[in-house]
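The lines below spell out each chain.
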Amino acid sequence: KEEIPMGYKIPDGGTFQHGATYGPDIPFSALSNAAEAVATVTGGTLAAGDIVIVTSGWTRLGNRVVRVKAATATAVTLEGIDTTDLQVYPAGSGIGSLKKVLAWVQIPQITDVAFAGGTQNYLDVVFLEDKQGRQMPTDKAAASLALTIADDPGQAFNAILRAADASQTIQAARLNLPGNDTLFYGAFTSFSNQPTVSRSNLLTRTVNLALQGEPTRYLTAVA
């Protein structure tokens, strides 16, 4: 029996980026049920490797940030997006739009990355004849990500984050781990105006991302 080697890594050297500019919404009139979903577009201008925010009638897919695997003027393949489960992705109801991330800005000088939420919630069930109750899985708790960063108001990312905060629209963010390992998030962005002040410590600010879709992870190089 062939053994699969175990792998592990540390995040040191990773970087975090936030979407800086976006293209217009590209409507799609259909989205296939397939191992990798294909969106039907008209006059499409996307290309393989582009990163897009997905808006879809399928709740599970809405607000996810994904990579384009292949694209023509009429069809866009969403890499790694499996929509074969018809109960989760009812045929014909996934229409929506794609928004391309045109440029990214790095958020440097991060001192801490904290994830919260995303845990499974349960319904406690017990009947008269039971001696012991049981739990049934329901939904998952809302998830968020908080970056603590050095206060550096001269950096270009400040204006991008302030605009994202003010817009209250879904933004794209990405965590680039060492090696070809990238996680994408669709989120509402909040950026603290006031730095945290503590004697003999760094002035810091906080970037909060309220995640609105499931993270997407790719283990091959992302441009």
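As the structure is a computational prediction, the values presented were derived from the model and not from experiment.

Thresholds, definitions, all that
- Residues numbered from 1 in each chain as written.
- Predicted model: local features only at pLDDT ≥ 70, side-chain atom pairs only at ≥ 80, totals over all residues.
- Heavy atoms only, no water.
- Salt bridge = Lys/Arg side-chain N within 4 Å of Asp/Glu carboxyl O.
- Helix = DSSP H or I, 4+ residues; strand = E, 2+ residues; numbered from the N terminus.
- Buried < 20%, exposed > 50% of the residue type's maximum accessible area, 1.4 Å probe, protein only.
- Phe/Tyr/Trp six-rings, centres within 6.5 Å; stacked < 30°, edge-to-face > 60°.
- Lys NZ or Arg CZ within 6 Å of the ring centre and 35° of its normal.
- Core = buried A, V, L, I, M, F, W, Y, C linked by side-chain atoms within 4.5 Å.
- Contact = heavy atoms within 4.5 Å.
- Arc of directions from axis to C-beta.

Student: Would you mind showing me how to read the pattern of salt bridges here?
Tutor: Where charged atoms from two side chains of opposite charge approach closely, those side chains can pair. Evaluated as defined, the whole model comprises ten salt bridges. Here Asp 181 ties to Lys 9 by a salt bridge, and the two come within 3.0 Å at their closest N and O atoms. Residue Asp 181 is located in strand β13 (residues 181-191), and its partner Lys 9 is located in the segment before β1 (15-28); the two are separated by 172 residues in the primary sequence. The exposure class assigned to Asp 181 is buried, which follows from its relative accessible area of 3%. Taking the shortest distance from any N to any O, the salt bridge between Glu 214 and Arg 64 comes out at 3.9 Å. In this pair, Glu 214 sits in the loop between β14 (204-211) and β15 (216-218) while Arg 64 sits in the loop between β4 (51-56) and β5 (65-71), placing the two residues 150 residues apart along the sequence. Given the relative accessible area of 11%, Arg 64 is considered buried. Look at the salt bridges and you will find they share partners, linking Lys 9, Asp 181 and Arg 217 into a network.

Student: Explanation requested: the packing of aromatic side chains in the structure shown.
Tutor: Both the distance between ring centres and the angle between the ring planes are used here to describe each pair of aromatic rings. Taken as a whole and assessed by the stated rule, the structure comprises five aromatic pairs. Summarising the aromatic geometry, the rings of Phe 184 and Tyr 218 are spaced 6.1 Å apart at their centres and angled 65° between planes, so their arrangement reads as edge-to-face. Here Tyr 218 lies in strand β15 and Phe 184 lies in strand β13, a separation of 34 residues in the sequence. Grouping residues by exposure puts Phe 184 and Tyr 218 together as buried. Here a set of aromatic residues connected by ring pairs shows up, and it is made of Trp 104, Phe 184 and Tyr 218. Over the ring of Tyr 218 we find Arg 67, and its NZ or CZ is 4.5 Å from the ring centre.

Student: For this particular structure, what's the right way to read the nonpolar core?
Tutor: A general trend in soluble globular proteins is that nonpolar side chains are found buried together. Ranked by size, the top nonpolar core spans 26 residues in total, and within it Leu 31, Val 76, Leu 78 and Leu 98 carry the most contacts. Only β1, β4, β5, β6 (75-78) and β7 (96-106) provide two or more residues apiece to this core. Counting residues per element, this core draws most heavily on β4, which supplies four residues. Excluding its chain neighbours within four sequence positions, the residues that come into contact with Leu 31 are Ala 37, Val 38, Ala 39, Ser 56, Trp 58, Leu 61, Leu 78 and Gly 94. If you look at the next biggest cluster of nonpolar residues, it comprises 18 residues, including Leu 147, Ile 149, Tyr 185 and Ala 187.

Student: Sorry, what's going on with helix α1 (residues 157-167) here?
Tutor: Helical periodicity: at 3.6 residues per turn, an α-helix aligns residues three or four positions apart in one direction. Residues of α1 that are buried: Phe 157, Asn 158, Leu 161 and Ala 164. For α1, the angular spread of the buried residues around the axis is 130°, confining them to a single face. Against the buried residues of α1 lie β1, β7, β11 (143-150), β12 (171-177), β13 and β14. Just downstream of α1, Gln 168 is the residue with a positive phi angle, here 50°.

Student: Looking at this structure, how should I read unusual backbone geometry?
Tutor: Peptide bonds are mostly trans, and most non-glycine residues show a negative phi. Not every positive phi belongs to a glycine, and Gln 109 is a case in point at roughly 60°. Tracing the backbone shows Gln 109 in the loop between β7 and β8 (110-117). Take Gln 109: its relative accessible area is 42%, and that puts it in the partly exposed class. The phi dihedral of Gln 168 falls on the positive side, at around 50°, and the residue is not glycine. Here Gln 168 shows up in the loop between α1 and β12. Given a relative accessible area of 51%, Gln 168 falls into the exposed group.

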